[in-house]
Amino acid sequence: MKHISLFILCWLITVNAFAQKSKSQWVYRGKDGKLIYKTTPTGDRIMDFSSAGYMGGGVVLPNVPVKRVVKPSGNDDTQIIQNAIDEVSAMPLQNSFRGAVELAPGTFTCSGSLLLSTNGVVLRGAGANGTTIKMVGEHHTAIVIGRGNTNVPLGKTERSDSTAANAAKTIITDTYVPSGSTSFTVSNASGFAIGDTIAINRQVTESWVHFMGMDNMWRDGKKETWLKAGARSITKRRIVSISGNKITVDIPLADSYDARFLNVPGTIIVKAKPVPRVTQVGVENIHIQCPPLEIDYGHAPYAGIRVGGDDCWVKEVYCEETMNTTVLAGNRITMEKVIVKHTYANLGASKPTDFSLEGGQNLIDRCEITGGNMYFVWTSSLIVGPNVLLNCTFRGTRSRVQPHQRWATGLLVDNCTVPDGGIDFINRGIAGSGHGWTMGWAVAWNCIAKTYIIQNPPGAANWAIGCIGKREQTARLFDSAPVLPDGNFDSHGSPVEIQSLYLAQLAERVGIKGLKNIGYRANTVEMFPNKQVSTLPLKTQTDKLGFNEAIDRPVNTSDVKGSTREFGGEKAIDGNPNTYWCTNDGITKATLEVDMEGPVEINTLQINEQGQHITAYKVEAQLNSDWKLLTQGTTIGKNLVVKFPSTIAWKVRLTVLKANDYVAINNFGMYMERGRSPDNKI
């Protein structure tokens with residue numbers, strides 16, 4: 001009875017907490033239990049994301065019979081595993097599958113990629129604590145799903161958007177098709193039939209780039225290009241009904257289509273040619289391990305898994321110390337319970353990602369990342385959703401969920417916890433190579449994060465609904481003004497009653513069975529356990545001069561002594577007087593550039609030189625893509641303190657112009673001293 005009473009008490013507390021939740025104005029349940037969506041004045045709405053995942057969502061991941069078993073050899077196992085994969089790949093298909101290659105318990109040493117390039121093959125281990133792939137040798141990705149190059153650069157997908165010869169073609173005649181729509185009118189639907197896959201070509205035009213404010217970006221006096229006129233965003237959809245010239249498709253559109261910005265009479269629609277990707281390939285129950293390296297990601301030797309196929313999955317994989325760990329370059333992929341752990345934060349101002357979204361209808365579910373100075377998740381250019389992050393936990397200082405490049409659309413971040421970092425749908429401006437507006441029509445739903453920057457692009461919208469964390473505003477990156485207003489915050493600080501938007505949409509589309517198929521139950525708050533994850537401890541940033549804004553910021557240098565990170569630029573900003581950045585012997589010119597990761601106000605510098613070799617230097621701050629001189633001089637020596645008028649800085653750069661031997665700096669501190677005249681100088 002005591003246990004029953006305790007259960008009832010816990011149940012009542014849970015029900016009461018659920019009952020006290022707010023209702024979103026954008027998506028809520030009507031009296032009949034059906035979801036109701038609010039629209040913008042132009043008719044746009046939050047899209048139905050439920051088709052994200054293996055086979056279009058709500059489908060149980062297959063259990064494929066084992067056809068080959070491989071045991072560790074004690075030597076390089078790459079070829080014996082590949083041989084087993086190739087043997088199974090040559091077997092006939094039975095119910096869409098050829099079979100699984102099972103890696104027995106133990107450690108497999110692999111010096112090259114394992115390639116799964118044939119439909120219906122699964123690579124399975126004995127569990128993250130049972131089967132380990134130990135990565136050695138030259139730079140490579142541990143497991144590659146798909147045909148061709150095993151080291152395709154990030155951002156270069158294996159997709160093909162060609163159309164069939166003499167394919168049917170038409171144009172959309174609607175003046176405006178709202179985001180989230182499933183139907184539109186075309187000039188002539190006679191060449192199309194129910195079941196056809198079509199490609200909707202959204203062309204980038206100069207007028208649209210101007211409307212988006214992306215034709216006025218400059219960096220160091222050179223114009224930055226966001227998207228070139230003529231580029232295309234291609235949305236693949238299947239026709240489910242035709243009524244006259246009105247076409248209805250299976251999945252809502254992740255972007256709007258505005259005829260004002262076209263150089264042609266309407267958006268072009270063509271019958272699509274099938275893309276020759278591999279399908280029905282899985283990776284399961286494996287530990288991928290490489291040594292912990294204190295290194296920048298450009299020199300990191302090992303990545304985890306690249307999925308260049310459709311209707312594939314990666315389940316219960318533990319990736320230890322891999323960098324740029326996974327790339328989802330196909331469609332309808334589920335990545336479930338994948339854990340990535342880094343011992344050291346990525347070095348340098350250029351950040352990697354562990355989950356790169358480069359396709360559509362992909363679901364990242366119950367995954368975890370621990371790592372500093374990185375983007376947990378990003379999107380590539382012109383990627384069309386729906387894509388979903390569900391019930392994930394991402395931990396690491398100076399790290400964030402941030403769509404990355406040039407106009408992706410249709411992302412849902414659902415019940416994710418980012419206690420040390422942020423969730424951003426923003427204008428990245430000149431960051432990277434001119435990433436500009438990165439994301440439209442994205443939703444953060446019932447999330448917890450340290451910070452949120454949610455901005456509405458021109459003609460589009462982004463939402464944060466039921467989320468907990470600090471709201472922040474900023475100009476586009478590296479600009480001082482204008483500060484962009486908030487996007488759509490709804491019920492901020494108070495979770496909304498629909499616990500998971502994705503699961504609610506999935507249940508409405510395919511029923512409760514769809515939830516069970518992917519391991520969830522209906523209306524169960526306890527299915528989302530990571531809502532109270534504590535933040536990671538931060539290094540002390542206060543010293544005699546006050547709060548040091550430079551501590552552990554990302555840093556780039558022109559030269560580092562030797563091939564190790566013992567003398568890397570981060571040693572000048574780690575707060576430890578016994579470590580220092582040092583160049584090679586004889587290097588008498590060098591730069592140390594600190595990325596402030598946002599606009600930071602400073603008026604004081606403190607610099608310590610290890611030895612006294614510098615004979616000419618300058619310090620500059622970057623704002624509005626230009627560099628402003630803060631101070632210059634001939635010697636630094638010990639404990640140089642420089643005060644100057646208050647300045648907003650996105651980056652701060654020390655340039656050593658001349659030295660009589662190697663350069664060594666053991667502290668480079670930045671402060672905002674309050675209570676003194678703004679023009680006070682030393």
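Residues numbered from 1 in each chain as written. Predicted model: local features only at pLDDT ≥ 70, side-chain atom pairs only at ≥ 80, totals over all residues. Heavy atoms only, no water.

Asker: Where do I start with the overall build of the protein in this structure?
Answerer: Scanning the protein from terminus to terminus reveals five helices and 49 strands. For 682 residues, the compact-globule estimate of 2.2 N^0.38 gives 26 Å, and the C-alpha radius of gyration of the protein, at 27 Å, lies within 12% of that figure. Taking the principal axes of its C-alpha atoms as reference, the protein extends roughly 75 × 70 × 65 Å. Per-residue burial over the protein gives 56% buried out of 682 residues. A sequence separation of at least 24 residues applies to 74% of the contacts in the protein between residues at least 6 apart. (Helix = DSSP H or I, 4+ residues; strand = E, 2+ residues; numbered from the N terminus. Rg over C-alpha atoms; globule rule 2.2 N^0.38 Å. Buried < 20%, exposed > 50% of the residue type's maximum accessible area, 1.4 Å probe, protein only. Contact = heavy atoms within 4.5 Å.)

Asker: Got a minute to help me understand the pattern of salt bridges in this structure?
Answerer: On inspection of all chains with the given rule, the structure shows 26 salt bridges. A salt bridge links E597 to K351, with the shortest nitrogen-to-oxygen separation between them at 3.4 Å. Here the residue E597 occupies a position in strand β45 (residues 590-609), and K351 occupies one in the loop between β25 (339-341) and β26 (353-357), the gap between them amounting to 246 residues. The partner of K618 in a salt bridge is E620, with the nearest N and O atoms 3.8 Å apart. For K618, a relative accessible area of 25% corresponds to the partly exposed category. (Salt bridge = Lys/Arg side-chain N within 4 Å of Asp/Glu carboxyl O.)

Asker: Would you mind going over the packing of aromatic side chains with me for this structure?
Answerer: For any two aromatic rings, the description comes down to two numbers: the centre-to-centre distance and the angle of the planes. Counted under the stated rule, the structure contains 13 aromatic pairs. Among the aromatic residues, those joined into a ring-pair cluster are W26, W441 and W463. For the cation-ring pair, K38 lies above W26, with the distance from its terminal atom to the ring centre recorded as 4.6 Å. Lying over the aromatic face of Y37, R45 brings its terminal NZ or CZ to 3.7 Å of the ring centre. (Phe/Tyr/Trp six-rings, centres within 6.5 Å; stacked < 30°, edge-to-face > 60°. Lys NZ or Arg CZ within 6 Å of the ring centre and 35° of its normal.)

Asker: Hey, could you run me through the side chain of Q280 in this one?
Answerer: Checked against the element boundaries, Q280 lands in the loop between β19 (268-271) and β20 (282-289). By relative accessible area, Q280 is classed as buried at 9%. Within the structure, Q280 has its side chain in polar contact with the side chain of Y54 (distance 2.5 Å). (Polar contact = N/O pair within 3.5 Å; in protein donor to acceptor, adjacent residues only side chain to side chain.)

Asker: Sorry if this is basic, but what is going on with the nonpolar core here?
Answerer: The nonpolar side chains of a soluble globular protein tend to be buried, and buried together. Counting 67 residues, the largest nonpolar core has L123, I143, F355, F394 and I423 as its most contacted members. For this core, the element with the highest residue contribution is helix α2 (residues 78-89), accounting for four residues. The residues that make up this core include at least three from each of domain 1 (1-31 + 332-538) and domain 2 (58-159 + 276-292 + 305-323). Sequence-distant contacts of F355, defined by excluding residues within four places in its chain, comprise T326, M335, V338, V340, I364, C367, E368, I369, F376, V377, W378 and F394. (Core = buried A, V, L, I, M, F, W, Y, C linked by side-chain atoms within 4.5 Å. Domains from an automatic or database assignment.)

Asker: I would appreciate a short explanation of helix α4 (residues 501-510) in the present structure.
Answerer: In an α-helix, one turn spans 3.6 residues, which is why side chains three or four residues apart end up on the same side. For α4, the full list of buried residues reads L501, Y502, L503, A504, Q505 and L506. Between a side-chain oxygen at the N-terminus of α4 and the backbone nitrogen of Y502 the separation is 3.5 Å; the capping residue is S500.

Asker: Mind showing me how you'd approach the domain arrangement of the protein here?
Answerer: Interfaces are often sized by the amount of accessible area the parts lose when they come together. Domain annotation of the protein identifies domain 1 (1-31 + 332-538), domain 2 (58-159 + 276-292 + 305-323), domain 3 (169-271) and domain 4 (542-671). A C-alpha centroid distance of 37 Å is found between domain 2 and domain 3.

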